[in-house]
Amino acid sequence: WLRALTGVLPHSYASYLVWNDLGGCSSKAIVPLGLYGAQLALNWAWPPLFFGARNLSLALIDILLLDGLAIGTVCSWYPINRVAALLLLPYLGWLAMATCLTIRIWKDNPEQKPGKSD
């Protein structure tokens, strides 16, 4: 339920606000909604990388890129619709915690390098 409160519900409404304020899929919407779409794609990619493939390095790269895109989304939305940008702040908090956990797990579980033996 926490994930729904910090991510999906506010994201959906916030993206609608920006989309509506920009007149739908206009040329003005390419960057703000493009950033949003890119960060959604990285958000969806993280669980299969982390849990499925257990590739901690790629999961870390993914979430760091996601951090940058999420911050970029908030910054691009703020001049368009402040409420929409502010609705993403709980998500940024959730994302910061997930990033810290990913870094900690990555550090605590070094992947074996080729040619090294125990």
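With an unreviewed UniProt entry as reference, the protein is termed TSPO protein, source organism Mystacornis crossleyi. The protein has a UniProt comment under Sequence similarities (unreviewed entry) that states "Belongs to the TspO/BZRP family." UniProt, in its Subcellular location (unreviewed entry) section for the protein, records the words "Membrane".

**Considering the layout of surface pockets**
Taken as a whole, the largest pocket holds about 250 Å³ of empty space. In terms of lining residues, the largest pocket is bounded by 16 residues, among which Trp46, Ile63, Trp94, Ala98 and Thr102 are the most central. Only helix 2 (30–52), helix 3 (56–77) and helix 5 (89–108) provide two or more residues apiece to the lining of the largest pocket. With eight residues, helix 5 is the single largest residue contributor to the lining of the largest pocket. Residues that form the lining of the largest pocket fall into these classes: 13 nonpolar, two polar and one charged.

**Observations concerning the nonpolar core**
Within soluble globular proteins, side chains that are nonpolar tend to cluster in buried spots. Ranked by internal contacts, the top residues of the largest apolar core, which has 13 residues, are Ala14, Val18, Leu33, Trp77, Ala84 and Leu88. Put simply, the parts of the chain that give this core at least two residues each are helix 1 (2–21), helix 2, helix 3 and helix 4 (82–87). Beyond its immediate sequence surroundings of up to four residues, Leu33 is in contact with Ser15, Val18, Trp19 and Trp77. If you look at the next biggest cluster of nonpolar residues, it comprises twelve residues, including Leu56, Ala59, Ala70 and Ala98.

Parameters and conventions
Residues numbered from 1 in each chain as written. Predicted model: local features only at pLDDT ≥ 70, side-chain atom pairs only at ≥ 80, totals over all residues. Heavy atoms only, no water. UniProt positions renumbered as here; feature names shortened; annotations may be inferred. 1 Å grid on protein atoms, 1.4 Å probe; cavity = no way out; pocket = protein on both sides within 12 Å on 5 of 7 lines; lining within 4 Å. Points joined across faces, edges and corners; volume = space filled by probe spheres on them. Helix = DSSP H or I, 4+ residues; strand = E, 2+ residues; numbered from the N terminus. Nonpolar A, V, L, I, M, F, W, Y, C, P; charged D, E, K, R; others polar. Core = buried A, V, L, I, M, F, W, Y, C linked by side-chain atoms within 4.5 Å. Buried < 20%, exposed > 50% of the residue type's maximum accessible area, 1.4 Å probe, protein only. Contact = heavy atoms within 4.5 Å.

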